[in-house]
Amino acid sequence: MREPAYMDAGVVRPGLSRVLAPLRNFAGRGAHGGSPEQRRAVEPVRNLAWRAGRAAVTGRRRVLAPLRDLVGRVERATPLDRDRAIDALRALAIGGVVLGHWLVTVLVLDSGAIRVTSPLRYLPQLTPATWLFQTLAVFFLVGGYAAARSRGAAAGTYRQWLGARLARLFRPVGVVMAVWSVTAVGMLAAGADTVTVARLVKLVLSPMWFLVVFAVLTAATPLVARLHPLWPLVTVAVIDLVRYGVSWPSWLGSVNVLAGWLVPYCLGAAWARGALRSRTAGWGLLAGGTAGAVGLVLGAGYPAAMVGVPGAAVSNLDPPTLAAVSFGLAQCGAALLLLGPLRRALRRPAVWTAVALVNVSAMTIFLWHQSAMILVTALGLLAGEALPGLHTVPDGPAWVLARLGWLPVFGMALAVCWVAFHARERAPSRKTRLANA
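Here the structure is a predicted model, which is why all the values come from computation and not from measurement.

Draft legend 1. Molecular detail of the packing of helix α9 (residues 173–189) against helix α10 (residues 194–205). For the pair α9 and α10, interaxial distance at closest approach is 10 Å and the crossing angle is 170°. Here α10 runs roughly antiparallel to α9, going by the angle between their axes. Here α9 contributes Val 176, Met 177, Trp 180, Ala 184, Met 187 and Leu 188 to the contact with α10, which in turn contributes Thr 194, Val 197, Leu 200, Val 201, Val 204 and Leu 205. Residue composition of the contact of α9 with α10, grouped by class: 11 nonpolar, one polar and no charged.

Shown next as C-alpha cells:
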C-alpha cells in the first residue's frame, strides 16, 4: 500500500507526525511484511492514522482560511503610500485608554449600592501604571497630524470636510445614548437604586468629554495648523500659576482643557507640515518632557499620578496641568521614536491587519469599553457574592492579580459590543473601511 501524498509532502504538522509515528511504523511493518493475517490486522490502525492526519490538516485549513482571506483583502485594499505607523500609534493610544480605565476604575458593592473607586486610592505604588496607560497625548498628536493632512488634501469646502470628520466622530454616540437611556429606565423600573444608576450612566458618559474637545480642535484645524505648540504650553503654565499661586477661581482651569490638549495637537499639525522628522526632535521632546514632568512632581508638588485619584486635592487630568502636558510631550517624543520600529513590524500583513481592525473600530472600542466592564460586573453579581477583583475593594496585591485575570473577560464582553454596534461607526463601503481607517 502506498502512503497518502500529504504524508509524503510533509503537510502534517511536526507535532502530529511525532504522535502518529509509532502507529505509522507499526502499520508500515504490517503492510510490507508478515503474513496476510498480520497485514489485515494492522490495516485499521493504518487507516486511522491516515484519517487523523487528513482531519488535522483539513481542520487547520478551515480555521485559517478566513483569516488568510481577511489578511489578503486588507493588504490589497491598503494604499501603497499609507504610513501604517500612524495607525499603529492611534491603536496603541486607544488600547492604553481602555486598559487604563479597566485597571483603575472599580465598581464596589457598598450597602446594596454600587460606588466607583480606584486602586490608586489604596495602592499608591501603582502610580507608575498611569504613566504607561494615560496615552491621550499620543491620540491628540496623531489627530492633529491626520486632520492637518486631510484638510490639506481635501478637494471640497471646509464645511464638507468638517462635516465628514465630525460625522465619523459622533455617528456611534447616538447608539450609546439610546442604549443607555433604555437601560437606565429599565433599571429604575426594576427597582434599582437611583444613585447606582446615576453612577453607572456617569461612568459610561464621562469619557465623552474627550470627543467634545477633539471636535473643537478639529474644527479649529485651519487656524491652529500653523500655531506653534509653545503658545498653548505657555497658556497652561500661566493658568496653573494663577490657579495655584494666586488662588483665583478654580473654574479658570477649564481653559486648560483646550490649551492642554492643543499642545500635542499642534505638534501633530507641525509634523504634518514636515517638522519633527528627525530622531533629534523625538529625543528632545522625550528628554525635555520627562525633565519637566519630574521637576514639577518633585519640586512643585504636582501629583505623580497622571490620572485623577478619588479624594486627591489636585488632579493632573481634570483639567490638564502643566505636569500632565509635560508628560504628554515626553509621550509624543517616544511616539516619534517608535515610528521606525513600527513601520518595520507592520510590513507583515497579519500585524497590519490587526492594527487596521482596531483603527476601523476605534470609536466603537472607546465608546463601549466601559459598558463592557459594567456588563461583566453586573453578570458577576449572579454568583451571589462579591467576586475578587470585580466587586471587592482594591486594597492589596491580591486584588491586582485578580483584576488582571478579569481583563480577558472584559475583552470578550467588548467583542460582543463590537459585533452588535461596530456597523454604526462607518459610512463608506465595506471594501474601503479597513484600509481607510
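Draft legend 2. View of the side chain of Thr 364. Tracing the chain through its elements places Thr 364 in helix α18 (residues 362–380). Its relative accessible area of 2% is what places Thr 364 among the buried residues. Not counting residues up to four positions away in its chain, the partners in contact with Thr 364 are Trp 418, Phe 421, His 422 and Glu 425.

Draft legend 3. Region of the structure containing a nonpolar patch on the surface. Side chains of Val 212, Val 216 and Leu 258 sit close together on the surface and give an oily, nonpolar patch of about 230 Å² of accessible area. Residue placement: Leu 258 occurs in helix α14 (residues 255–272).

Draft legend 4. Looking closely at the side chain of Gln 134. For Gln 134, the position within the fold is in the loop between α6 (127–133) and α7 (136–153). For Gln 134, a relative accessible area of 6% gives the class buried.

Draft legend 5. Quick look at the packing of aromatic side chains. One pass over the full model with this rule turns up 15 aromatic pairs. Considering the side-chain rings of Trp 368 and Phe 421, the 4.0 Å spacing of their centres and the 0° angle between planes classify their relative orientation as stacked. Of this pair, Trp 368 sits in helix α18 while Phe 421 sits in helix α19 (residues 397–421), and the two are 53 residues apart along the sequence. Members of the aromatic cluster, each reached through a chain of ring pairs, are Phe 139, Phe 140, Trp 209, Phe 210, Phe 214, Trp 261, Tyr 265 and Phe 366.

Draft legend 6. View of α9. The terminal C-alpha atoms of α9 lie 24 Å apart, and with 17 residues this matches the ideal 24 Å at 1.5 Å per residue to within 8%. Among the residues making up α9, those that are buried are Val 173, Val 175, Val 176, Trp 180 and Ala 184. Taken end-on, α9 shows its buried residues confined to a sector of 155°, consistent with a single buried face. Summarising the geometry of α9, the exposed residues directed more than 90 degrees from the buried face are Val 182, Val 185 and Ala 189. If you follow the buried residues of α9, they end up packed against α8 (158–170), α10, α11 (209–219), α18 and α19. Looking at the residues trailing α9, positive phi occurs at Gly 191, about 95°.

Draft legend 7. Quick peek at the nonpolar core. In this structure, Leu 211, Trp 271, Leu 367 and Trp 368 are the most contacted members of the largest nonpolar core, which totals 90 residues. Leaving out residues up to four positions away in the same chain, Leu 367 has contacts with Pro 172, Val 173, Val 176, Met 208 and Leu 211.

Draft legend 8. View of helix α17 (residues 349–360). The end-to-end C-alpha distance of α17, which contains 12 residues, comes to 16 Å, matching closely the 16 Å that a straight helix rising 1.5 Å per residue would cover. Listed in full, the buried residues belonging to α17 are Trp 352, Thr 353, Val 355, Ala 356, Asn 359 and Val 360. Seen along its axis, α17 keeps its buried residues to an arc of 165°; they face one direction.

Draft legend 9. Structural detail: the pattern of salt bridges. All chains considered together, the criterion is met by six salt bridges. Taking the shortest distance from any N to any O, the salt bridge between Arg 84 and Glu 75 comes out at 3.0 Å. Among the residues examined, Arg 84 registers a relative accessible area of 16% and is labelled buried. Here Arg 243 and Asp 240 are joined by a salt bridge, their closest N and O atoms 3.1 Å apart. Taken together, the residues Arg 243 and Asp 240, both in helix α13 (residues 230–246) and three residues apart, mark about one turn of the helix. We classify Arg 243 as buried; its relative accessible area is 12%. On the basis of relative accessibility, which here comes to 2%, the residue Asp 240 falls in the buried class. If you follow the salt bridges from partner to partner, you end up with Arg 82, Asp 87 and Arg 90 in one network.

Cut-offs and rules
Residues numbered from 1 in each chain as written. Predicted model: local features only at pLDDT ≥ 70, side-chain atom pairs only at ≥ 80, totals over all residues. Heavy atoms only, no water. Axes fitted to C-alpha atoms, helices over the stretch in contact; angles between N-to-C directions. Helix = DSSP H or I, 4+ residues; strand = E, 2+ residues; numbered from the N terminus. Parallel < 35°, antiparallel > 145°, perpendicular 65-115°, else oblique. Contact = heavy atoms within 4.5 Å. Nonpolar A, V, L, I, M, F, W, Y, C, P; charged D, E, K, R; others polar. Buried < 20%, exposed > 50% of the residue type's maximum accessible area, 1.4 Å probe, protein only. Patch = residues over 30% accessible without salt bridge, like charges linked within 9 Å, V, L, I, M, F, W, Y side chains within 5 Å. Areas by Shrake-Rupley, 256 points an atom, 1.4 Å probe, with all protein chains shown as cover. Salt bridge = Lys/Arg side-chain N within 4 Å of Asp/Glu carboxyl O. Phe/Tyr/Trp six-rings, centres within 6.5 Å; stacked < 30°, edge-to-face > 60°. Expected span 1.5 Å × (residues − 1). Arc of directions from axis to C-beta. Core = buried A, V, L, I, M, F, W, Y, C linked by side-chain atoms within 4.5 Å.

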